[in-house]
Amino acid sequence: MKKNLIYLFLDQLSFEVSSLKRMNKSTDIVMMCELDEQMCQVPHHQQKIAYWLSTMRHFAEKLRMAGIQVHYVALEDADNTHTITGELLRAKALFSPDAIIIADSSEWHWQEKINQLIKNHSLPVEWLSDDRFFCEKSEFFSWAKGKKKLLMEYFYREMRKKHRILVDEKGKPVGGEWNYDKQNRQPPKSTISSPPRLSHKKSTIIKESIALVKKRYNHHFGHLNRFYYAVTSEQAMLELNHFIEKLLPHFGEYQDIMQYNEAYLYHSLLSSYINSGLLLPRQVCAAAVKAFQQGKIPLNSAEGFIRQILGWREYIRGIYWMYMPQYAASNTLHATRALPAFYWSGKTQMRCLSNVVQQTMDHAYSHHIQRLMVTGNFALLSGINVNAVHEWYLAVYADAYEWVEMPNTIGMALFADGGIVASKPYAASGAYIQRMSNFCKGCAFNVKEAIGEKACPFNSLYWSFLNRHRSLFQVNPRMTYMYATWDKFSTEKQTAILNKAQYYLQLLEKNKL
Ligand code: FAD
Ligand code: SF4
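In this text the structure is predicted, and so the values were computed from the model without any measurement. The numbers attached to residues start from 1 for each chain and follow its sequence in the written order. The naming scheme follows written order: chains are lettered A onward, ligands numbered 1 onward. This being a predicted model, a pLDDT of at least 70 is required before a residue's local features are given, and a value of 80 or more before pairs of side-chain atoms are given or counted; all residues contribute to the totals for chains, interfaces and linings. Values reported for side chains reflect all heavy atoms of the structure, with hydrogen atoms and water molecules removed beforehand.

Chemist: Could you clarify how one ought to interpret empty space enclosed by the protein in this entry?
Modeler: Rolled over the atoms, a probe as big as a water molecule pinpoints where empty space is left. Lining residues are those with an atom within 4 Å of a point, where the points come from a 1 Å grid over the protein atoms alone and group into cavities, where a 1.4 Å probe fits but cannot get out, or pockets, open sets with protein on both sides within 12 Å along at least five of seven lines. Grid points are joined across faces, edges and corners, and a volume is the space filled by probe spheres set on the points. Counted under the stated rule, the structure contains eight cavities of 30 Å³ or more. Looking at the lining of the largest cavity, the elements that each hand over two or more residues are α14 (351–363), α18 (430–436) and α19 (457–468). Throughout, the ten residues Ala, Val, Leu, Ile, Met, Phe, Trp, Tyr, Cys and Pro are labelled nonpolar, Asp, Glu, Lys and Arg are labelled charged, and all others, Gly among them, are labelled polar. Residues of the lining of the largest cavity, tallied by class, amount to eleven nonpolar, one polar and one charged. Elements are defined by DSSP. Helices are runs of H or I of four residues or more, strands are runs of E of two residues or more, and each kind is numbered from the N terminus.

Chemist: Looking at this structure, I do not really get the nonpolar core. What am I missing?
Modeler: Buried together is how nonpolar side chains tend to be arranged in soluble globular proteins. Ranked by size, the top nonpolar core spans 170 residues in total, and within it Met-32 and Phe-378 carry the most contacts. Top element by residues in this core is helix α12 (residues 299–323). It accounts for eleven residues. Residue contacts follow a heavy-atom distance rule, with two residues in contact if any of their heavy atoms lie within 4.5 Å. Among residues more than four places away in sequence, those in contact with Phe-378 are Phe-342, Tyr-343, Met-350, Leu-353, Phe-458, Leu-461, Leu-508 and Leu-513. Note on terminology: a nonpolar core comprises buried Ala, Val, Leu, Ile, Met, Phe, Trp, Tyr and Cys residues joined through side-chain atoms within 4.5 Å. Remark: exposure states derive from per-residue accessible area (1.4 Å probe, protein chains only) relative to the maximum for the residue type, with buried under 20%, exposed over 50%, and partly exposed in between. Judged by nonpolar contacts, the second largest core, of 19 residues, contains Phe-9, Leu-35, Ile-84 and Phe-95.

Chemist: Help me understand the site of ligand 2, please; the structure alone is not making it clear to me.
Modeler: The environment of ligand 2 is made up of Met-350, Cys-352, Gly-430, Ile-433, Phe-439, Cys-440, Cys-443, Phe-445, Val-447, Cys-456 and Phe-458. What decides whether a molecule sits in a cavity or pocket is whether more than half of its atoms lie within 2 Å of the grid points. More than half of the atoms of ligand 2 fall within 2 Å of the grid points belonging to the largest cavity. Here the residues of the shell around ligand 2 sort into ten nonpolar, one polar and no charged. If a single non-hydrogen atom of a residue is within 4 Å of a molecule or strand, that residue counts as near it.

Chemist: Help me understand the pattern of salt bridges in this model?
Modeler: If the charged atoms of two oppositely charged side chains come close together, the side chains can form a pair. Should a side-chain nitrogen of Lys or Arg be within 4 Å of a carboxyl oxygen of Asp or Glu, the pair is scored as a salt bridge. In the structure shown here, the tally under the stated rule is 22 salt bridges. Across the salt bridge formed by Lys-215 and Glu-76, the nearest N and O atoms sit 3.0 Å from each other. Taken together, the positions of Lys-215 in helix α8 (residues 204–216) and Glu-76 in the loop between β3 (69–73) and α4 (84–95) put the pair 139 residues apart, joining distant regions of the chain. Take Lys-215: its relative accessible area is 60%, and that puts it in the exposed class.

Chemist: Just to check I follow, could you spell out the site of ligand 1 for this structure?
Modeler: Taken together, the neighbourhood of ligand 1 is formed by 30 residues, with His-267, Ser-268, Leu-269, Asn-275 and Tyr-365 sitting nearest. One of the side-chain nitrogen or oxygen atoms of Asn-275 is found 2.9 Å away from an oxygen atom of ligand 1. Polar contact is defined as a pair of N or O atoms within 3.5 Å, subject to the rule that within protein one atom must be able to donate a hydrogen and the other to accept it, and that residues adjacent in sequence are counted only when both atoms are side-chain atoms. In the model, a nitrogen atom of ligand 1 is placed 3.5 Å from a nitrogen or oxygen of the Gln-308 side chain. Method for areas: the Shrake-Rupley scheme with a 1.4 Å probe, in which residue coverage is limited to the protein chains shown. For ligand 1, the protein covers 99% of the area, taking 820 Å² as the surface of the free molecule. Residue assignment for the shell around ligand 1 shows that the elements contributing at least two residues are α10 (271–276), α12, α15 (368–382) and α17 (402–413). The residue makeup of the shell around ligand 1, split by class, is 16 nonpolar, ten polar and four charged. A domain-level breakdown of the shell around ligand 1 finds at least three residues from each of domain 2 (137–323) and domain 3 (342–509). The split of the chain into domains comes from an automatic or database domain assignment.

Chemist: I tried to follow the packing of α14 against α15 on my own but got confused; where do I start?
Modeler: For any two helices packed against each other, the geometry comes down to the angle between their axes and how far apart the axes lie. Simply put, an axis is a line fit to the C-alpha atoms, just over the touching stretch for a helix, and the angle between two N-to-C directions goes from 0 to 180 degrees. Packing of α14 against α15 leaves a shortest axis separation of 10 Å and a crossing angle of 120 degrees. In this view, α14 runs oblique relative to α15, as classed from their interaxial angle. Crossing handedness for the pair α14 and α15: left-handed. Across the interface between the two elements, Cys-352, Leu-353, Val-356, Val-357 and Gln-359 from α14 touch Gln-370, Val-374, Thr-375 and Phe-378 from α15. Taken together, the residues of the contact of α14 with α15 break down into six nonpolar, three polar and no charged. Oblique is the label for every angle not falling under 35 degrees (roughly parallel), over 145 degrees (roughly antiparallel), or within 65 to 115 degrees (roughly perpendicular). Handedness of a helix crossing follows the sense of rotation of the near helix relative to the far helix, less than a right angle counterclockwise being left-handed and clockwise being right-handed.

Chemist: Could you clarify how one ought to interpret the domain arrangement of the chain in this entry?
Modeler: The parts lose accessible area when they come together, and the size of an interface is often stated as this lost area. As far as domains go, the chain holds domain 1 (4–128), domain 2 (137–323) and domain 3 (342–509). The distance between the C-alpha centroids of domain 2 and domain 3 comes to 24 Å. Each partner contributes residues to the interface: domain 2 has 38 residues there, and domain 3 has 37 residues. Buried area: the accessible area, evaluated with a 1.4 Å probe, that two parts lose upon being put together, summed over both parts. Carbon and sulfur atoms supply 64% of the area that domain 2 and domain 3 bury against each other, a total of about 3,400 Å² over both sides. It is Phe-221, Met-258 and Tyr-260 that lose the most area in domain 2 upon contact with domain 3, and together they represent 25% of the buried surface on that side. For the interface between domain 2 and domain 3, the tally reads zero salt bridges. At the junction of domain 2 with domain 3, the criterion picks out 13 residue pairs in polar contact (both at pLDDT 80 or more).

Structure, rendered in structure tokens:
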């Protein structure tokens, strides 16, 4: 009888992964590895590594309980080579499997390494498509073929129709509109706090994982003073139910709001669970549809939430696989400045940035608008080195895997892909941050000023960014208004703004901003 080895990546922790669905329980062996190659690719947040170790170890236990043979290579095993190449070759020698079955790796570089092994060592690998996603890679490529612009909105409508999510029997959108963003994304009317979140009992596995991270990776970003994550699919399901019941009703209206010292607000915090396999995207969307059909949540919240998963998440994955590996080297705006030290420490006088980085250190999380319009926006305006920003985002968030982080950073936040993901740069002055948050009250800088002594750095940097990239952006109809505003400024004012931006960039280089 054939004996196969099933290799599971650390983001494939689900019985629904195609490789496990193919398993013959009586003969096959499941292989999982804890590798320094992965833990140390970038200085991943300590909570993220503890999450990885805890979820993998719990899942391996679940496999064993189900009578499945598991070859588990732990971090501290004496013969762990700490590379995927080394471990697959070792496993081949140990078990002489007929085939090594692997569901598509989510990240390009793992696939590349394994393909090299197949070529150089005749490793008998059989790749399977990862059908946890709504959209097959080939399906995305067909959708994209021949299109000048790959607009997420149109891709999303196709997905809604194909998977019959929030559409009527004629394929028309429920409620008459595809997108209810007009009702979402409102500025805060008053101070908003995050509602209570679930906490989960710390299992022995979690405690051991935390101790291991403290021992091996305490020089990595963040800290382990707290660890609140769900680490099994059952716990992740509790998180999903809690979100649907208590938070989703307000998700839409509060989606873009930022509040000082409030990391979560009404966001789901489900990305880590969906990305690692504890929850399936289908399961999450189905739960939101059901709550809407039962009249528990308004359409704008249900649609807004589903769009993030069925639309953005699938679209971003399609972009990654369509453009890798060249995508990683994109730098359309020639951004080369060093990443400021405060991205790692939170030590800056800019209250918005200091608070978002501090929250990231505390939670390995910040919500989309904090990522896009605070840390991302500042990096865009200041022309920070694209690869350094990409590595930072990959390191600091518990949900960060290259396939989803990279197009969001390089494409959406930095416009480094020249407009594949975003139709215009998400560049904004301090006025946006002031409108959508309470960060500016209490900041050392004055958000109303662009050139005064205490002028908000986002303001001069914003105009300087537009001025610097005029030849590229002035032809964009969505940016005409901004250039018209700049052109109305007197030459003296323009010069003063550009000088102020230069002054702030010099302070940035000296780590004094
Ligand atoms: P919610 O706000 O509750 O949204 C619900 C779900 O929608 C998320 O759990 C996620 O699965 C999905 N989603 C929402 N927006 C996106 C998006 N733009 N791309 C893909 N999925 C999306 N998301 C990651 O999962 N991993 C990353 O490494 C990552 N890096 C990012 C880097 C930058 C610069 C930016 C601007 C965004 C990034 N995102 C990333 C997207 C988004 O910010 C996170 O998915 C979201 O903040 C996760 O929090 P949540 O689960 O509370 O999301
Ligand atoms: Fe951020 Fe400027 Fe507001 Fe300060 S004033 S919090 S730097 S936007």
